[in-house]
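Analysis of the macromolecular model
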Amino acid sequence: MAEGAGTSDTRGHKLRRPKRVALSVALLVPLALASGLAAYRPVYNHYRSSISRCMEWGNAWRISDAHLNRLLDSMEAGQDGSQTSASTQRILDRIRLQEGRDRKQAMQTGAFGQDGCTARQMPSHRHRMADTLSGLTAKSERAIVDLHKLDTRLPPRADDLDRLRAIMPGMAEFAEDSKALVGQNNADRLTLVEDLKVAENQTDPYSARTLEETLYRDADRLVRAENSRKGIDCAQQSCLALTFDDGPDTKLTNQVLDDLIDSRAPATFFPIGQKVDPGTTKILERMTQRGYPVGNHTWSHQDLPDIMARHQEELQIAQSGRVIRNAAKRAVTMVRPPHGRVDEASRSYIGNHLGAAIASYNADSYDWARGASPGSITGKIKAELQPGSIVLMHDIQPHTAQALPGLLDDLHRKGYRPVTIPELTGEYPRAGAVYISRTNILRP
């Protein structure tokens, strides 16, 4: 009996072993998957951020360097073709020499070669490329500041007065709109109103630059006052600016607006001019009523350099801005370049003739890419995001509208605060400036 009992126990033990193994596998597989995902996320974030940083600073340096060279060329030519003084020429020669050295260093990073910032490069190499280009961009921007200081000693340019007149309509509307937040008798608002009256009668190009800077200082104080009343301090808070291109769409844009309003998350929109018609005008009015800035994304989504090369800036940029302004009932103070492409000619035209800034971005949702999904959109944004980011999205993509509620919840849990681009930067959009992020602003 004892032997029989022992045989029965052994057999039962052998029968139970596969069940124990199966149970162990069932427990270990989810744990392994969870561990794998936990390890994968930092690697993926490092990979995505290396691409976005490389593209951000490569684009920033290219735009800044082109602007620096245009300023050098115009100053070396002199006003009305006159010769520059010997002391001025020495300064220009020094800046030109340094620009050549910096350009060579930028080309050596490989960011502008065949591979550029693509996935073929190692993430660590892309981060090093971004660091180098960030430093070169800072040097270029400092050189531009030095040229402007030198430029104050030279006669005014013809476009100084044109640019002043171009920014005034938007400033006047901003002063009027600010009544609701800071009050009609707010001292900063009244100062802007009075300085606008002075600028309206300005015909002297020698005073145009000074008046322009005065108006910007007035408007900046109002922006900061409005931020203060809303509890916005992007120097201390983790702010980001969500932006939406390519609308309006009668269904999806309204869905996006509903989710933003429900989450109390402001955003900035850049519609396409030819999509603004009697059926979509109310959508733009709704944006304005909520305090969301409405910019210009060209008439038919053409790249800015191509528009300028074909001399279509009046149709593609100016007319689009007028159509959007009439629908939104607000001046258009920002232009979003299709595909992020900007050249010096388009930057100069937008700044000097339209009095508008260029709103770029440094975090791309890739919601436009083939195979994009709500999960991929959220994952890419979270990987590329940093405090002060300007995020590119599109309010014509169904998966973007699907992703938005969950994305807003995720951002809130991580402590991010969505704001508009002017709220993010704490300033009124500068004519000809390029806004890439809160801390990456290229000055005109």
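Placed above this text is the structure.
Attention in this report is confined to the structure presented alongside it. This one's a predicted model, so the numbers in the text were calculated from it and none came from an experiment. (Residues numbered from 1 in each chain as written. Predicted model: local features only at pLDDT ≥ 70, side-chain atom pairs only at ≥ 80, totals over all residues. Heavy atoms only, no water.)

Glancing now at the side chain of R347. Within the secondary structure, R347 sits in helix α12 (residues 344-354). Buried charged residue R347 carries no salt bridge. Nearest counter-charge: E344, at 4.5 Å. Engagement of the side chain of R347 in a polar contact is seen with the backbone oxygen of L442, the distance being 3.3 Å. Ignoring anything within four residues of it in the chain, the contact list for R347 reads I63, H67, V342, I358, G432, A433, V434, L442, R443 and P444. (Helix = DSSP H or I, 4+ residues; strand = E, 2+ residues; numbered from the N terminus. Buried < 20%, exposed > 50% of the residue type's maximum accessible area, 1.4 Å probe, protein only. Lys, Arg positive; Asp, Glu negative; His and termini not counted. Salt bridge = Lys/Arg side-chain N within 4 Å of Asp/Glu carboxyl O. Polar contact = N/O pair within 3.5 Å; in protein donor to acceptor, adjacent residues only side chain to side chain. Contact = heavy atoms within 4.5 Å.)

Here the focus is unusual backbone geometry. For the bond running from G247 to P248, omega is 0°, close enough to zero to count as cis. Although it is not a glycine, R264 adopts a positive phi angle of roughly 55°. With respect to the helices and strands, the residue R264 is situated in the loop between α8 (252-262) and β2 (268-270). A positive phi angle, close to 65°, is found at K329, a residue other than glycine. One can find K329 in the loop between α11 (313-328) and β3 (334-335).

The next subject is the layout of surface pockets. Once rolled over the atoms, a probe with the size of a water molecule shows which space is left empty. A volume near 1,000 Å³ is recorded for the largest pocket. If you list the elements that add at least two residues to the lining of the largest pocket, you get α4 (158-177), α5 (179-182), α7 (205-230), α9 (281-289), α11, β7 (416-419) and α15 (421-425). Its residues assigned to classes, the lining of the largest pocket shows 21 nonpolar, 9 polar and 10 charged. (1 Å grid on protein atoms, 1.4 Å probe; cavity = no way out; pocket = protein on both sides within 12 Å on 5 of 7 lines; lining within 4 Å. Points joined across faces, edges and corners; volume = space filled by probe spheres on them. Nonpolar A, V, L, I, M, F, W, Y, C, P; charged D, E, K, R; others polar.)

With that settled, consider the sheet that holds strand β4 (residues 357-359). Pairing in this open sheet of 4 strands is mixed, and the strands run β3-β4-β8-β9 from one edge to the other. Both outer strands of the open sheet, β3 and β9 (440-442), are each paired with one neighbouring strand and no more. Pairing analysis gives 2 bridges linking β4 to strand β8 (residues 434-437), with the strands arranged parallel. Within the sheet, the bridge partner assigned to A359 lies in β8 and is Y435. Relative to the sheet, α12 contacts β3, β4, β8 and β9, its axis offset from that of β4 by approximately 125°. (Pairing = 2+ DSSP bridges. Axes fitted to C-alpha atoms, helices over the stretch in contact; angles between N-to-C directions.)

For the pair α8 and α9, the least separation of the axes is 11 Å and the interaxial angle reads 15°. In terms of orientation, α8 lies roughly parallel with respect to α9. When you trace α8 past α9, the crossing you get is left-handed. Every residue of α9 that contacts α8 at T253, N254, L257, D258 and I261 is listed here: I283, R286 and M287. The class makeup of the residues in the contact of α8 with α9 is 4 nonpolar, 2 polar and 2 charged. (Parallel < 35°, antiparallel > 145°, perpendicular 65-115°, else oblique. Left-handed = near helix turned anticlockwise from the far one by under 90°.)

Before going further, it helps to examine the packing of aromatic side chains. Applying the stated criterion across every chain yields a total of 7 aromatic pairs. Here F174 and Y428 contribute two aromatic rings whose centre-to-centre distance is 5.5 Å and whose plane-to-plane angle is 55°, an arrangement assigned as tilted. Note that F174 is positioned in helix α4 and Y428 in the loop between α15 and β8, a separation of 254 residues in sequence. Among the residues examined, F174 registers a relative accessible area of 15% and is labelled buried. Ring geometry for Y216 and Y428: centres 6.3 Å apart, planes at 45°, overall tilted. One end of the pair, Y216, is in helix α7; the other, Y428, is in the loop between α15 and β8, and 212 residues separate them in sequence. Each member of the pair, Y216 as well as Y428, carries the same accessibility label: buried. Across from the ring centre of Y366, 4.8 Å away, lies the NZ or CZ of R48, which sits over that ring. (Phe/Tyr/Trp six-rings, centres within 6.5 Å; stacked < 30°, edge-to-face > 60°. Lys NZ or Arg CZ within 6 Å of the ring centre and 35° of its normal.)

Another aspect to go through is the pattern of salt bridges. If you walk through the whole model with that rule in mind, you get 27 salt bridges. Of the charged contacts in the structure, one is a salt bridge between R163 and E212, with a shortest N-O distance of 3.0 Å. With a gap of 49 residues between them, R163 in helix α4 and E212 in helix α7 connect regions that are remote in the sequence. Pair check on accessibility: R163 and E212 agree, each one buried. As a salt-bridge pair, R330 and D177 come within 2.6 Å of each other at their nearest N and O atoms. Of the two residues, R330 is situated in the loop between α11 and β3 and D177 in helix α4; the sequence distance between them amounts to 153 residues. By relative accessible area, D177 is classed as partly exposed at 33%.

Next up on the list: the nonpolar core. Core analysis: the largest hydrophobic core is formed by 34 residues, its most contacted members being L242, F244, L260 and F269. Put simply, the parts of the chain that give this core at least two residues each are β1 (238-245), α8, α9, α11, α13 (374-384), β6 (390-394) and α14 (398-413). Ranked by the residues each element gives to this core, the list is headed by α14, at 6 residues. Counting residues in hydrophobic clusters, the runner-up holds 26 residues, among them C54, A106, V335 and A356. (Core = buried A, V, L, I, M, F, W, Y, C linked by side-chain atoms within 4.5 Å.)

We now examine helix α2 (residues 86-108). With 23 residues, α2 should reach 33 Å at 1.5 Å per residue; the first-to-last C-alpha distance of 33 Å fits that figure. Every buried residue of α2 is accounted for by T88, L92, I95, E99, D102 and A106. Trailing α2 by a residue or two, G110 shows a phi angle of about 90°, which is positive. (Expected span 1.5 Å × (residues − 1).)

Any functional reading would require information beyond the geometric quantities listed.
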